[in-house]
Amino acid sequence: MNPLKEKIASSTWKALLPASYVFGAMAASAAQPAPAPAITQLTVVNYQQIETPLTGPHAVVVEHDPGLPTHTIYRPKDLANRKHGVLVWGNGGCAKNGLTFPEYLSEIASHGFIIVADGPPIQRAGGPGPGAGGPGGPGGAPRAGGPGAGGPGAAAPGAGGPGAGAPAGGPPRGAPGAGPGRAGGPGGAPGAGPRGAGGPPGGGTMGDGGVALIEAINWIEKESKDSSSRFHNKVNVQKMAAMGMSCGGIMSYGAAHDPHVTTVGIWNSGLFTEEDRKKHFDTMHGSAIIITGGESDIAYVNGKQDFETMPARIPVFYGVYPSVGHGGTYSQDNGGPYGKLAVPWLKWQLDGDTGITGKGYFVGNTCVPCKDPNWQIQSRSLD
């Protein structure tokens with residue numbers, strides 16, 4: 001690709017950032033994220049989820065590991081004697097903050113998945129919010145109706161380490177940029193305007209070829225072979241998922257060529273040019289799920305074109321949730337409808353679940369979103 005064209009293409013969404021920056025900054029001006037301090041020991045992040053308990057059978061712990069200080073880990077508190085599926089995640093705006101999507105990622109982890117999200121755990125400055133690390137919070141006491149989620153090394157509220165921050169709910173309800181559900185959608189979503197705009201843009205560039213996600217893959221694979229690691233023989237390194245929102249979706253495409261990656265998730269995202277599509281599609285060797293909001297989503301056209309031009313050899317599910325824009329439903333309780341869709345996809349693609357809680361959720365007479373009027377769906381080569 002011509003270097004000038006590549007520069008223009010990769011700058012397309014960046015050129016749209018001023019609006020989202022303004023609205024996000026208005027919502028977050030009172031509590032800018034503070035850098036996560038350097039750590040020398042495994043730290044459990046005190047973070048309170050909102051409203052109802054996670055729907056999975058596992059209590060969830062969120063961790064900051066000195067072995068991979070550039071990322072945040074969401075995982076089942078008790079790692080069963082089985083191989084857990086792994087999801088590596090990239091954030092909107094390529095934000096280097098592993099606490100950008102806590103509701104959504106914790107919900108996925110509660111169903112037995114290990115998630116390595118790009119960025120250290122950074123909460124808003126100003127000390128822990130009400131109940132941080134308390135009942136229901138990963139790393140805290142049990143959520144109502146579920147097992148405990150605590151663990152050794154839990155940081156004390158206000159300790160200033162990872163997890164110290166403002167309320168988990170983000171900016172005040174009704175703040176500018178608030179999307180459906182909880183106020184202040186995902187931070188730094190490239191191109192997000194008033195609809196669903198989150199916090200200010202994060203660090204990183206448009207995808208960086210998925211380097212941060214590949215780093216996460218390499219780290220968790222190494223841990224799975226280390227007899228002293230909590231992940232020893234507990235990880236399915238043969239089947240991993242690379243997913244992300246907005247810029248994070250571009251990161252996921254960048255990691256799709258990795259031999260461990262058997263499915264990619266493109267959430268409120270999509271490629272820019274036919275040259276980009278050919279480059280990435282030619283190296284993909286697994287399935288894809290592409291999800292966007294309605295036409296107000298800045299990535300709606302990109303995701304649609306990705307689905308329409310993806311080769312038939314790539315199994316793909318494509319869903320549009322018209323009632324939301326670029327901010328999606330990540331910040332809603334347990335990730336909202338997006339969370340409900342991500343879990344069965346991963347159960348199918350990583351765990352091999354062919355029942356109604358996996359493959360059956362997406363194909364045949366039991367397809368759930370097919371019958372849901374809130375979704376507009378298409379698929380290809382899933383059977």
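Residues numbered from 1 in each chain as written. Predicted model: local features only at pLDDT ≥ 70, side-chain atom pairs only at ≥ 80, totals over all residues. Heavy atoms only, no water.

*Asks:* Outline the overall build of the chain, listing residues and values.
*Replies:* Of regular secondary structure, the chain possesses eight helices and 10 strands. Across the 383 residues in the chain, those meeting the buried criterion constitute 59%. Once local pairs closer than 6 in sequence are excluded, the contacts in the chain between residues at least 24 apart make up 72%. Carbon and sulfur atoms make up 56% of the accessible area of the chain, which totals about 14300 Å². (Helix = DSSP H or I, 4+ residues; strand = E, 2+ residues; numbered from the N terminus. Buried < 20%, exposed > 50% of the residue type's maximum accessible area, 1.4 Å probe, protein only. Contact = heavy atoms within 4.5 Å. Areas by Shrake-Rupley, 256 points an atom, 1.4 Å probe, with all protein chains shown as cover.)

*Asks:* Can you tell me about the packing of helix α4 (residues 211-225) against helix α5 (residues 247-255), naming the residues and giving the values?
*Replies:* At a minimum axis distance of 8 Å, the contact between α4 and α5 shows a crossing angle of 60 degrees. When the interaxial angle is binned, α4 and α5 end up oblique. Counted together, Ala-212, Leu-213 and Ile-214 of α4 and Met-251, Ser-252, Gly-254 and Ala-255 of α5 form the full contact between these two elements. Of the residues assigned to the contact of α4 with α5, the class counts are five nonpolar, two polar and no charged. (Axes fitted to C-alpha atoms, helices over the stretch in contact; angles between N-to-C directions. Parallel < 35°, antiparallel > 145°, perpendicular 65-115°, else oblique. Nonpolar A, V, L, I, M, F, W, Y, C, P; charged D, E, K, R; others polar.)

*Asks:* Tell me about the state of the cysteines, and name the residues and values.
*Replies:* According to the stated counting rule, one finds two disulfides in the structure shown. Two residues, Cys-94 and Cys-247, share a disulfide whose sulfurs are 1.7 Å apart. Measuring the twist about the S-S bond at about -40 degrees, one finds the Cys-94-Cys-247 disulfide to be left-handed. Placement of Cys-94 in the loop between β4 (84-90) and α3 (102-109) and of Cys-247 in helix α5 is noted, with a sequence separation of 153 residues between them. Each sulfur in the disulfide pair Cys-367 and Cys-370 lies 1.9 Å from the other. Disulfide Cys-367-Cys-370: the torsion about the S-S bond is 75 degrees, which places it as right-handed. On the basis of relative accessible area, Cys-370 is assigned to the partly exposed category, the value being 41%. Here the bonded cysteines of the chain are numbered in sequence order, and their pairing is 1-2, 3-4. (Disulfide = S-S within 2.5 Å.)

*Asks:* Describe the sheet that holds strand β10 (residues 376-380), listing the residues and the values that go with them.
*Replies:* Strand order in the open sheet formed by 10 strands is β1-β2-β3-β5-β4-β6-β7-β8-β9-β10, with mixed pairing between adjacent strands. At either end of the open sheet lies a strand with only one pairing partner, and these are β1 (43-44) and β10. As paired strands, β4 and strand β5 (residues 114-118) are joined by four bridges and run parallel to one another. Among the inter-strand pairings, Val-86 is bridged to a residue of β5, identified as Ile-114. Strands in contact with α4 are β3 (71-76), β4, β5, β6 (235-245) and β7 (261-267); relative to β6, the strand with the most contacts, it is inclined by about 155 degrees. (Pairing = 2+ DSSP bridges.)

*Asks:* How would you summarise the packing of aromatic side chains if you had to cite specific residues and measurements?
*Replies:* For any pair of aromatic rings, the description consists of the separation of the ring centres together with the inter-plane angle of the planes. Within this structure, the stated rule accounts for 18 aromatic pairs. Among the aromatic residues, those joined into a cluster by ring pairs are Trp-89, Phe-101, Tyr-104, Trp-267, Tyr-321, Tyr-330, Tyr-338 and Trp-375. (Phe/Tyr/Trp six-rings, centres within 6.5 Å; stacked < 30°, edge-to-face > 60°.)

*Asks:* Kindly report on the environment of Ile-377, identifying the contributing residues and their values.
*Replies:* Of note, Ile-377 is situated in strand β10. Using a relative accessible area of 26% as the deciding quantity, one classes Ile-377 as partly exposed. In the structure, Ile-377 is positioned 15 residues away from Phe-362 in sequence and 9.7 Å away in space, judged by C-alpha atoms. Not counting the four nearest positions on each side in its chain, Ile-377 is found in contact with Phe-317, Tyr-318, Gly-319, Pro-369 and Cys-370.

*Asks:* Can you explain unusual backbone geometry? Please cite residues and give values.
*Replies:* In this structure, Cys-94 is a non-glycine residue whose phi angle is positive, near 50 degrees. A residue is classified by how much of its surface remains accessible, and Cys-94, at 3% relative accessible area, is buried.

*Asks:* A description of the confidence of the model for the chain should follow, citing residues and the corresponding values.
*Replies:* For the chain, per-residue confidence averages 77 on the pLDDT scale, and 68% of positions sit at 70 or higher. Note on residues 1-32: pLDDT under 50 across the span, and 61 contacts to partners over four residues away in sequence or across chains. The low-confidence segment residues 126-205 (pLDDT under 50) makes 234 contacts with residues lying over four places distant or belonging to another chain. (pLDDT = per-residue confidence, 0-100.)

*Asks:* Hey, could you go over the packing of helix α6 (residues 274-283) against helix α7 (residues 300-309) for me, with residue numbers and the actual values?
*Replies:* It is at 11 Å that the axes of α6 and α7 come closest, and there the two elements cross at 55 degrees. As far as their axial angle goes, α7 and α6 are oblique. Two packed elements cross with a definite hand, and for α6 against α7 that hand is right-handed. Residues Glu-274, Arg-277 and Phe-281 of α6 lie in contact with α7, whose contacting residues are Asn-302, Gln-305, Asp-306 and Thr-309. Tallied by class, residues from the contact of α6 with α7 come to one nonpolar, three polar and three charged. (Left-handed = near helix turned anticlockwise from the far one by under 90°.)

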